Amino acid sequence: MADTKKLFADQLRKLSVKELVEKRKELRKQLHQLKMQNQMGALKQTHLLKLTRRNIARVNTVLTEKIKENYPGQTKKK
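Residues numbered from 1 in each chain as written. Predicted model: local features only at pLDDT ≥ 70, side-chain atom pairs only at ≥ 80, totals over all residues. Heavy atoms only, no water.

Trainee: Hey, could you run me through the overall build of the chain in this one?
Mentor: Secondary structure assignment for the chain yields three helices and zero strands. Its helices and strands in sequence order give the chain the pattern α-α-α, from N to C terminus. Out of the 78 residues in the chain, the part that is buried amounts to 23%. The contacts in the chain between residues at least 6 apart in sequence include a share of 71% that link residues at least 24 apart. With an accessible surface of roughly 6100 Å², the chain has 51% of that area assigned to carbon and sulfur atoms. (Helix = DSSP H or I, 4+ residues; strand = E, 2+ residues; numbered from the N terminus. Buried < 20%, exposed > 50% of the residue type's maximum accessible area, 1.4 Å probe, protein only. Contact = heavy atoms within 4.5 Å. Areas by Shrake-Rupley, 256 points an atom, 1.4 Å probe, with all protein chains shown as cover.)

Trainee: Sorry if this is basic, but what is going on with a positive patch on the surface here?
Mentor: A contiguous patch of positive charge, built from Lys6, Lys35, Lys50, Arg53 and Arg54, is present on the exposed surface. With three residues, helix α3 (residues 47-70) is the largest single contributor of residues to the positive patch. Relative to the helices and strands, lysine 6 is located in the segment before α1 (9-13). What makes lysine 6 partly exposed here is its relative accessible area of 40%. (Patch = residues over 30% accessible without salt bridge, like charges linked within 9 Å, V, L, I, M, F, W, Y side chains within 5 Å. Salt bridge = Lys/Arg side-chain N within 4 Å of Asp/Glu carboxyl O. Lys, Arg positive; Asp, Glu negative; His and termini not counted. Charge placed at Lys NZ, Arg CZ, Asp CG, Glu CD.)

Trainee: Would you take a moment to explain the confidence of the model for the chain for this structure?
Mentor: Detailed reading of the predicted coordinates is not advisable wherever pLDDT falls low. In the predicted model, the chain carries a mean pLDDT of 89, and 90% of its residues have values of at least 70. For the chain, the element scoring lowest by mean pLDDT is α1, at 89; helix α2 (residues 17-40) scores highest, at 96. (pLDDT = per-residue confidence, 0-100.)

Trainee: How should I be thinking about the nonpolar core in this particular structure?
Mentor: Looking at soluble globular proteins, one finds that nonpolar side chains tend to be buried together. In terms of nonpolar packing, the biggest core is built from 13 residues, with Leu7, Leu12, Leu20, Leu27, Leu34, Leu49 and Val59 touching the most fellow members. Broken down by secondary-structure element, the contributors of at least two residues to this core are α2 and α3. Broken down by element, this core gets its largest block of residues, six residues, from α3. (Core = buried A, V, L, I, M, F, W, Y, C linked by side-chain atoms within 4.5 Å.)

If you want it as structure tokens, here you go:
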């Protein structure tokens, strides 16, 4: 299984956009596996579900920051 520790935004900001997309893909796969284990009753560390969801959110936040920084006129405005 992939790394299950808390990711920090300052660590994520050091990564490139491509690396962040790969990290998000990896975390989503990990979350899917955790959900399957939880449904079958095999997951004893249920806190990993919440931690993984929050890590995905952190990656998404940093990814959005980087995209806005690199492509200022390309993003949707609310």
